[in-house]
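Each chain is listed here by its residues.
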Amino acid sequence: MIEEIYPRSFGDSNGDGVGDLNGITQHLDYLQTLGIDAIWIAPMYPSPQVDFGYDIADYERVDPQYGSLADFDALLRAAKKHHIRIILDMVLNHTSDRHAWFVESASSRDNPKADWYVWNDGVAAGAPGVTAFQKRFEHDGKVPPNNWESVFGGSAWEWVPARRQFYYHRFYRQQPDLNWRNPAVEHAMFGAMRFWLDRGVAGFRLDAISTLFEDPQLRNDPQRPGTNAQGDPNLSTRYSDNLPEVHDVIRRMRAMVDKYPGDRVLIGETYTADVADLDTWYGGSRRDELQLPMNMLPGFGWRAKFDAGWFRKTLEGAQTVPGQPLIVFDNHDNPRSIDRFGDGRHDVQRAKAIATLLLTSRATALTYYGAPLGMTTATPARKEDVRDPIGITGWPKEKGRDGERTPMQWTPGPQAGFSTNPRTWLPVNPNHVTVNVQTELAEPGSLLNWYRKLIALRRSNPALRDGDMTFLDRTDPDVLVYRRGGAHPVTVLVNFSGMPQKVKTGIVQRAVRTLAATDPALANTTTLDGATLPAYATWIVTPAK
Ligand code: GLC
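What you see is a predicted model; the values in this text were computed from it and never measured.

Here the focus is the packing of helix H12 (residues 347-360) against helix H15 (residues 447-460). As a packed pair, H12 and H15 sit with axes 10 Å apart at the nearest point and diverge in direction by 15°. When the interaxial angle is binned, H12 and H15 end up roughly parallel. For the crossing formed where H12 meets H15, the hand is right-handed. In this structure, H12 contributes Val-348, Ala-351, Lys-352, Ala-355, Thr-356, Leu-358 and Leu-359 to the contact, and H15 contributes Leu-447, Trp-450, Tyr-451, Leu-454, Ile-455 and Arg-458.

And the structure:
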């Protein structure tokens, strides 16, 4: 069980309104009580914070607002005592434009770092085939060499007068893409990874890993109908994403990481259109690339909905990958799952169902700080309150990602116990008076206690830990039923409907014993046949001895 921690928002130990590393250290007891095995910390390196840390200015230091290297080492030591491993975010695609490498690279065409980023002369504004979009970005008669777009809006090419050239940036213009065709770049980045592996981190979550390479011929990405939230033409990223060259880098990286003792791990941020596309990230049958590419489909697939059929299909699909599956429902880039899968009235009940899927599937589970509490998305209501730049340029169609990054809710008290400073970097969600760790730990039926129960169960029950996963009912539109195999199999039943549902005969005939149930009435039921699952109920059973 891994939890993603957004360091700005977890715990503020020094009262500046921004979370920090010591704030994580102070809350390790909570993480251990929850049953977390490892935390993935979003970037905490020095950064101008344009993309809140995903624009790194130095890969081998800690941003002073989050603490120091000594604080980091103290966190590692304390986490070890709590049996929690630390996974760092590694941003390989790009650096900050304030990184010394880029400052040097941008200064002239013939400095030692001149070829560390993706530079291009551009083309004449009047050249044949130049699109209206490219013409919007003209400088001195030159326009970007093709139609590639920044994920965050506008052209992916930015003009630098000192070089009279454009550089490529897939994300914000303050995030220039490194040139991975230059072996010096790989050498430097692997060096940065070793710096942290040597200190004792358990591995990395590889940010935007599919985007390291671009088409050397710079062919235009095919245009699709319509425009996106930033008002730019929709493109399919055929020539700017998922180029095969990235797999050679990952294989070398895996070989490097495997030389370290103690099961280090490579996790990938791998949004794919289809589950079969995950194969290559494992390295196919050779499995010599990532141990844990993320399967985003059940949680974030474009057709994802709170529906038994959707999860039957995608969770069954998740079982087909060549290695250990990794399932994700929440992260710092998307509205929280409690809102995406909620209906506004039964959100906590539905969140318990999602927790069940996450924690009883045969998969490594990845959660996000606050999700086990049912923290909700608090998107700013006014443009002037937005901090994430895409929410400013895209307003009101795109309101940015602030809503899923608000301060952790520890207590019902001031600032939810996150900070002593009333001016927190993002506002504390007013619902912290009821949605918080302290209150929920004291409520047996809380979402947090449901998470704790399921995590404890999956640690202690061999079928839930390692058993295979078989879907027992293929057609029921309301109830999902699956079995985790082993000598003592476990059957999981989840009612996705707002109505009570009768368990269909023929699923498990023998008398059963309840391991966990969202509704106390189920706990005393000893037969599946004919039992009634209340609305949105989860029931986890094993054959009675
Ligand atoms: C990843 C991160 C996102 C960031 C982007 C650029 O998608 O999750 O937060 O903005 O990469 O680094």
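Turning next to the sheet that holds strand E1 (residues 2-5). The strand order E13-E12-E9-E3-E2-E1-E15-E14 describes an open sheet built from 8 strands, whose pairing is parallel. Each edge of the sheet is formed by a strand with only one pairing partner; in this case those strands are strand E13 (292-293) and strand E14 (326-328). Two elements, strand E9 (residues 203-207) and strand E12 (residues 265-268), share 4 bridges in a ladder whose sense is parallel. In the sheet register, Arg-205 faces E12, and the bridge partner there is Ile-267.

Let us now look at the site of the ligand. Looking at the ligand, there are 13 residues lining it, with Asp-51, Asp-207, Glu-269, His-332 and Asp-333 nearest. Asp-207 is positioned with one of its side-chain polar atoms (N or O) 2.8 Å from an oxygen atom of the ligand. Within the side chain of His-332, an N or O atom sits 2.9 Å from an oxygen atom of the ligand. For the ligand, the accessible surface in isolation is 310 Å², of which the surrounding protein chains cover 95%. The residue inventory of the shell around the ligand, partitioned by class, reads 3 nonpolar, 3 polar and 7 charged.

Looking now at the packing of aromatic side chains. Any pair of aromatic rings gets described here by the distance separating the centres and the angle formed by the planes. Taken as a whole and assessed by the stated rule, the structure comprises 31 aromatic pairs. Both rings, one in Trp-148 and one in Tyr-168, keep their centres 5.5 Å apart while their planes meet at 70°; by these two values the pair is edge-to-face. With Trp-148 in the loop between strand E6 (142-143) and strand E7 (157-160) and Tyr-168 in strand E8 (residues 165-168), the pair connects residues that are 20 residues apart, well separated along the chain. The same class applies to Trp-148 as to Tyr-168, namely buried. Aromatic pair Phe-195 and Trp-196: ring centres 5.0 Å apart, planes at 80°, arrangement edge-to-face. Following the ring pairs from residue to residue traces out a cluster consisting of Tyr-45, Tyr-59, Phe-72, Trp-101, Trp-116, Phe-195 and Trp-196. Its guanidinium or amino end placed over the ring of Trp-119, Arg-163 lies 4.0 Å from that ring's centre, counting from NZ or CZ.

Cis geometry marks the peptide bond from Trp-395 to Pro-396, where omega comes out at 0°. Counting through the fold element by element, Pro-396 comes out in the loop between helix H13 (389-393) and helix H14 (437-441). Of note, Phe-52 is a non-glycine position whose phi angle comes to about 45°, a positive value. Within the secondary structure, Phe-52 is located in the loop between strand E2 (38-41) and helix H3 (69-81). When its relative accessible area of 4% is taken as the criterion, Phe-52 is described as buried.

Turning to the side chain of Asp-89, a few remarks are in order. Of note, Asp-89 is situated in strand E3 (residues 85-91). On the basis of relative accessibility, which here comes to 0%, the residue Asp-89 falls in the buried class. Look past the residues within four positions of Asp-89 in its chain and what remains in contact with it is Trp-40, Ile-41, Ala-42, Pro-43, Tyr-45, Tyr-54, Arg-205 and Asp-207.

Our focus in this paragraph is the pattern of salt bridges. Using the criterion set out here, one finds 27 salt bridges in the structure. Notably, a salt bridge pairs Asp-258 with Arg-254, separated by 3.1 Å at the nearest N-O pair. Of this pair, Asp-258 and Arg-254 are both found in helix H7 (residues 245-258), 4 residues apart, which corresponds to roughly one turn of the helix. Under the relative-accessibility criterion, Arg-254 is labelled buried at 14%. Residue Arg-465 is joined to Asp-466 by a salt bridge in which the shortest nitrogen-to-oxygen separation is 3.8 Å. Under the relative-accessibility criterion, Arg-465 is labelled partly exposed at 45%.

With that settled, consider H15. Its 14 residues give H15 an end-to-end C-alpha distance of 20 Å, which sits within 8% of 20 Å, the value for a rise of 1.5 Å per residue. Every buried residue of H15 is listed here: Leu-447, Leu-448, Asn-449, Trp-450, Tyr-451, Leu-454, Ile-455, Leu-457 and Arg-458.

The next thing to look at is the domain arrangement of the protein. When cut into domains, the protein gives domain 1 (2-94 + 183-452) and domain 2 (468-543). Here the C-alpha centroids of domain 1 and domain 2 sit 31 Å apart. Each side of the interface is counted separately: domain 1 has 20 residues, and domain 2 has 23 residues. Contact with domain 2 buries area across many residues of domain 1, yet Arg-312, Thr-360 and Trp-450 alone supply 34% of it, more than any other trio.

Let us now look at the pairing of E2. Burial of E2 is two-sided: the residues Ala-38 and Trp-40 facing one way and the residues Ile-39 and Ile-41 facing the other way are all buried. As paired strands, E2 and E3 are joined by 4 bridges and run parallel to one another. The residue of E3 that forms the bridge with Ala-38 is Arg-85. Handedness of the β-α-β unit built from E2, H3 and E3 comes out right-handed.

The subject of this paragraph is helix H10 (residues 308-318). Burial analysis of H10 places 8 of its 11 residues in the buried class, the great majority of the element. Among all positions of H10, only Ala-308, Trp-310, Phe-311, Arg-312, Thr-314, Leu-315, Gly-317 and Ala-318 are buried. In this structure, the buried side of H10 is in contact with helix H9 (297-300), E14, H12, strand E16 (469-471) and strand E17 (479-484).

Another aspect to go through is the side chain of Asp-71. Mapping Asp-71 onto the fold places it in helix H3. Despite its burial, Asp-71 remains without a salt bridge, the nearest opposite charge being carried by Arg-77 at 8.4 Å. Side-chain polar atoms of Asp-71 contact the backbone nitrogen of Ser-68, separated by 3.0 Å. Contact partners of Asp-71, with chain neighbours within four places excluded, come to Leu-21 and Asn-22.

All right, on to the sheet that holds strand E4 (residues 119-120) then. With antiparallel pairing, 3 strands are arranged side by side in an open sheet as E4-E8-E7. Both edges of this open sheet fall to E4 and E7, since each of them pairs with a single strand only. Taken together, the 2 bridges between E4 and E8 define a ladder with antiparallel strand orientation. What sits directly across from Trp-119, in E8, is Tyr-167.

Criteria and thresholds
- Counting restarts for each chain: residues are numbered from 1 in the order of the written sequence.
- Local features in this predicted model are restricted to residues of pLDDT 70 or higher, and side-chain atom pairs are both shown and tallied only at a pLDDT of 80 or more, whereas totals for entire chains, interfaces and linings draw on every residue.
- To get the side-chain values, all heavy atoms of the structure are used, and hydrogens and water are removed first.
- Axis definition: a line fit to C-alpha positions, over the contact stretch in the case of helices; interaxial angles, taken between N-to-C directions, run 0 to 180 degrees.
- Under the scheme used here, helices are H or I runs from DSSP no shorter than 4 residues and strands are E runs no shorter than 2 residues, and both carry numbers assigned from the N terminus.
- Angles are sorted into four bins: roughly parallel if under 35 degrees, roughly antiparallel if over 145, roughly perpendicular if 65 to 115, and oblique for all others.
- Left-handed describes a crossing whose near helix is turned anticlockwise from the far helix by less than a right angle; the clockwise case is right-handed.
- What makes two residues a contact is simply this: any of their non-hydrogen atoms within 4.5 Å.
- Should DSSP find at least two bridges between two strands, the strands are taken to pair.
- When we say a residue is near a molecule or strand, we mean one of its heavy atoms is within 4 Å of it.
- Pairs of N or O atoms within 3.5 Å make up the polar contacts considered here, provided that, within protein, one atom can donate a hydrogen while the other can accept it, and that residues adjacent in sequence are counted only when both atoms are side-chain atoms.
- Only the protein chains shown count as cover for residues, and all accessible areas are computed by the Shrake-Rupley method using a 1.4 Å probe.
- Note that Gly is not counted as nonpolar here; it falls among the polar residues with everything else outside the nonpolar set of Ala, Val, Leu, Ile, Met, Phe, Trp, Tyr, Cys and Pro and the charged set of Asp, Glu, Lys and Arg.
- Each pair of aromatic rings taken from Phe, Tyr and Trp, with Trp reduced to its six-membered ring, is defined by centres within 6.5 Å and is described as stacked if the planes are under 30 degrees apart, edge-to-face if over 60, and tilted in the remaining cases.
- Three exposure classes are used, based on accessible area relative to the maximum for each residue type with a 1.4 Å probe and protein chains only: buried under 20%, partly exposed in between, and exposed over 50%.
- Our definition puts a charge over a ring when NZ of Lys or CZ of Arg is within 6 Å of the ring centre and also within 35 degrees of the ring normal.
- Whenever a carboxyl oxygen of Asp or Glu lies within 4 Å of a side-chain nitrogen of Lys or Arg, that contact is scored as a salt bridge.
- Under the convention used throughout, the expected extent of a helix is 1.5 Å for every residue step, that is, one less than its residue count.
- Domain delimitation follows an automatic or database domain assignment.
- By convention, the term buried area covers the 1.4 Å-probe accessible surface removed from two parts as they join, with the contributions of both added.
- Assignment of crossover handedness uses the view with strands pointing away from the viewer, where a clockwise path from the first strand over the helix to the second indicates a right-handed crossover.
- Positive residues here are Lys and Arg, negative ones are Asp and Glu, while His and the chain termini are left out of the count.

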